Amino acid sequence: MTRGKRAGRSARSRRPHAGTVGRFAGVVALVALAAGCGIRTTSVPVDAGPAPSRMPCEIAGKDVVAQSESGVPVRVYLVCASGLASVGRTAGIPAGTAAEARVGAAQALVDALQAQPSAAEREAGFTTSVRGPLTVSAAHGGDPAGALRLSRQPEDLPAAALAQIVCTFAESGGSDGRVVLGGPGAYPTRTYVCDQETKRHPDADVPTLAPSASASPSDG
């Protein structure tokens, strides 16, 4: 990455946070809607940078649903040809209150990201950098609306793993590419951004906006 790009990324991380962002509540409605639709064949062009890649990053339609025969269709981002591309999976979405369903849906997506790619996905060049155990919990008191907490501090995850999670949550939640995440402790949440640059270069730091208001240590 050129020095100019690094400067651009740094400037973007200092951009002020305007209003409440990163809402993830739409994932429940989204996956419910997707349950009535067929999963399309994955055919996503991936910018692998200056070095050409022979990986197709494409899976035949009959092999798209690779992890389970039950559940609802979802799309998750895996690593392929040095970038991110989405693939179709199925996930079990638990019942419960809206808040419980939202956390359960997020956990289902993380579980799908932690699962090893199928034979068809490996043949197409897909891998995953998300390693377990990794769990999702509800926001702490004082967190922004729509925030989610991971069992590990997001910035402690490998950059590509965090990029996979952020882009998967952003697409499933129908947001504008912004996802509010925190770790298990009282540290403030941060607003992470999934943009085209994140998808092209998942090993770089995932862009962030200004730190979000979060819980105090006593809210833990």
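The structure we're discussing is the one just above.
What comes next concerns the included structure. (Residues numbered from 1 in each chain as written. Predicted model: local features only at pLDDT ≥ 70, side-chain atom pairs only at ≥ 80, totals over all residues. Heavy atoms only, no water.)

## So, the overall build of the protein chain
Piece 1. Within the protein chain, the secondary structure is distributed over six helices and six strands.
Piece 2. Walking the protein chain from its N terminus toward its C terminus, one meets helices and strands in the order α-α-β-β-α-α-β-β-α-β-β-α.
Piece 3. A burial count over the protein chain gives 46% of its 220 residues as buried.
Piece 4. The long-range share in the protein chain, meaning contacts at least 24 apart out of those at least 6 apart in sequence, stands at 67%.
Piece 5. Carbon and sulfur atoms make up 53% of the accessible area of the protein chain, which amounts to about 10500 Å² in all. (Helix = DSSP H or I, 4+ residues; strand = E, 2+ residues; numbered from the N terminus. Buried < 20%, exposed > 50% of the residue type's maximum accessible area, 1.4 Å probe, protein only. Contact = heavy atoms within 4.5 Å. Areas by Shrake-Rupley, 256 points an atom, 1.4 Å probe, with all protein chains shown as cover.)

## A few points about helix H5 (residues 159-172)
Piece 1. For H5, with 14 residues, the first-to-last C-alpha span of 20 Å sits near the 20 Å given by 1.5 Å per residue.
Piece 2. Extensive coverage of H5 is indicated by the burial of 12 of its 14 residues.
Piece 3. The complete set of buried residues in H5 reads Ala-160, Ala-161, Leu-162, Ala-163, Gln-164, Ile-165, Val-166, Cys-167, Thr-168, Phe-169, Ala-170 and Ser-172. (Expected span 1.5 Å × (residues − 1).)

## Considering the state of the cysteines
Piece 1. Under the defined criterion, the tally for this structure stands at two disulfides.
Piece 2. Disulfide partner of Cys-57: Cys-80, at an S-S distance of 2.1 Å. As the torsion about the S-S bond is roughly -100°, the Cys-57-Cys-80 disulfide counts as left-handed. On the criterion of sequence distance, the pair formed by Cys-57 in the loop between helix H2 (26-34) and strand E1 (72-80) and Cys-80 in strand E1 is long-range, its members being 23 residues apart. Side by side, Cys-57 and Cys-80 carry an identical accessibility label, which is buried.
Piece 3. Across the disulfide, Cys-167 is cross-linked to Cys-194 (sulfur-sulfur distance 2.1 Å). (Disulfide = S-S within 2.5 Å.)

## Here we look at the nonpolar core
Taken as a class, soluble globular proteins show a tendency for nonpolar side chains to be buried jointly.
Piece 1. Counting 44 residues, the largest nonpolar core has Val-76, Phe-126, Val-136, Ile-165, Val-166, Phe-169 and Leu-181 as its most contacted members.
Piece 2. Contacts of Leu-181, omitting those with residues within four sequence positions, involve Leu-148, Leu-150, Pro-154, Leu-162, Ile-165, Val-166, Phe-169, Thr-189, Arg-190 and Tyr-192. (Core = buried A, V, L, I, M, F, W, Y, C linked by side-chain atoms within 4.5 Å.)

## Quick look at the sheet that holds strand E6 (residues 190-193)
Piece 1. Judged by pairing direction, the sheet is mixed, and its four strands sit side by side in the order E3-E4-E5-E6 without closing on themselves. Across the chains shown, the open sheet's two edge strands, defined by having one partner strand only, are strand E3 (136-138) and E6. Strand-to-strand, the axes of this sheet are offset by a mean angle of 45°, without reference to chain direction.
Piece 2. Where strand E5 (residues 178-182) and E6 come together, four bridges link them in antiparallel fashion. The residue of E6 that forms the bridge with Leu-181 is Arg-190.
Piece 3. On the sheet, H5 packs against E3, strand E4 (148-150), E5 and E6 and is oriented at approximately 125° with respect to E5. (Pairing = 2+ DSSP bridges. Axes fitted to C-alpha atoms, helices over the stretch in contact; angles between N-to-C directions.)

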